[in-house]
Amino acid sequence: MRPLIVTQNITVDGSIEMLDDWFDPAAHDPDQLEILDRDSAACDAILLGRQTFEDFRGYWPLQEDDATGIAEELDTIKKLVVSSTLTEPGWARTTVIAGDPVAAVRDLKAGEGGEISLTGSITLCHAMIGAGLVDEIRLWTFPYVQGRGRRLVSEGWTGRLALREHRAFTSGVTYARYTLEES
């Protein structure tokens, strides 16, 4: 069974919606890159909602001197985009999931392969957490208070998480890896 991993950038006040300029996708400490590389090596597919996919497609393929390696990784990894309107993704190795994303992800998880990573894509993230399909949550917490914006989970969802790893960096960013415990 393939695990579904939610990886999000988040502010200390809990917002994952970037309404202010608190996150630069190309700026990471060398220690952070070590964790990004480790986590990326276990992943062979990335699951995105349409808006996040379009944001990625409009940014990453244009990066020429990407010291993070993310641009190259995204060019080669299998991308799964959930959309009822997108027909031609315009990015190699992309499959559009037009039907029920919960059923599609259940099928993906039942197959063979590495981790499936879900990042950004707040509505999709809420649906996968709510459906009980998420195995692990990885949070990159940035030392910023935004005071508004959508959160990691939808209103009313509750659950217990078990901390598996925690790291702090000189930039003030922290990384925490949690598994979801059975309620």
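Up top is the structure.
Notes on the structure in this doc start here. Note that the structure is a prediction, hence the values are computed from the model and not measured. (Residues numbered from 1 in each chain as written. Predicted model: local features only at pLDDT ≥ 70, side-chain atom pairs only at ≥ 80, totals over all residues. Heavy atoms only, no water.)

## Focus on the environment of D29
Considering the arrangement of structural elements, one finds D29 in the loop between β1 (4-11) and α1 (30-41). Between the C-alpha atom of D29 and that of T68, which follows or precedes it by 39 residues, the distance is 9.7 Å. Apart from the residues within four sequence positions on either side, D29 is in contact with F169, T170 and S171. A polar contact of 3.5 Å, which involves the side chain of D29, links it to the side chain of S171. (Helix = DSSP H or I, 4+ residues; strand = E, 2+ residues; numbered from the N terminus. Contact = heavy atoms within 4.5 Å. Polar contact = N/O pair within 3.5 Å; in protein donor to acceptor, adjacent residues only side chain to side chain.)

## Description of the side chain of R138
Tracing the backbone shows R138 in strand β6 (residues 136-142). Among the polar contacts listed, one links the side chain of R138 to the side chain of E115, at a separation of 3.1 Å. In terms of polar contacts, R138 uses its side chain to reach the side chain of E136, at 2.7 Å. Other than its neighbours up to four places away in sequence, R138 contacts I5, V6, T7, Q8, D39, E115, Y175, A176 and R177.

## A closer look at the pattern of salt bridges
Going through the model one piece at a time under the given rule, you end up with twelve salt bridges. One salt bridge connects D39 with R38, and the closest N-O pair in it is separated by 2.9 Å. With relative accessibility at 13%, the residue D39 sits in the buried group. Here D135 makes a salt bridge to K109, at a shortest N to O gap of 2.3 Å. Of this pair, D135 sits in the loop between α5 (122-130) and β6 while K109 sits in helix α4 (residues 101-110), placing them 26 residues apart in sequence. You can call D135 partly exposed: its relative accessible area is 32%. (Salt bridge = Lys/Arg side-chain N within 4 Å of Asp/Glu carboxyl O. Buried < 20%, exposed > 50% of the residue type's maximum accessible area, 1.4 Å probe, protein only.)

## With respect to the nonpolar core
L4, L47, L118 and M128 are the most contacted members of the largest nonpolar core, which totals 25 residues. Within the residue set of this core, elements represented by two or more residues are β1, β2 (43-49), β3 (78-82), α4, β5 (115-119), α5 and β6. In terms of residue count, the dominant contributor to this core is α5 (five residues). Filtering out sequence-adjacent residues up to four positions away, L4 remains in contact with L47, V105, K109, I116, L118, M128, L133, V134, D135 and E136. With 13 residues, the next largest nonpolar core counts C43, L74, I77 and L86 among its residues. (Core = buried A, V, L, I, M, F, W, Y, C linked by side-chain atoms within 4.5 Å.)

## Description of the packing of aromatic side chains
By the definition in use, this model includes seven aromatic pairs. Taken together, the ring pairs in this structure connect W22, F23 and F142 into an aromatic cluster. K79 extends its terminal NZ or CZ atom over the ring of W91, reaching a point 4.7 Å from the ring centre. (Phe/Tyr/Trp six-rings, centres within 6.5 Å; stacked < 30°, edge-to-face > 60°. Lys NZ or Arg CZ within 6 Å of the ring centre and 35° of its normal.)

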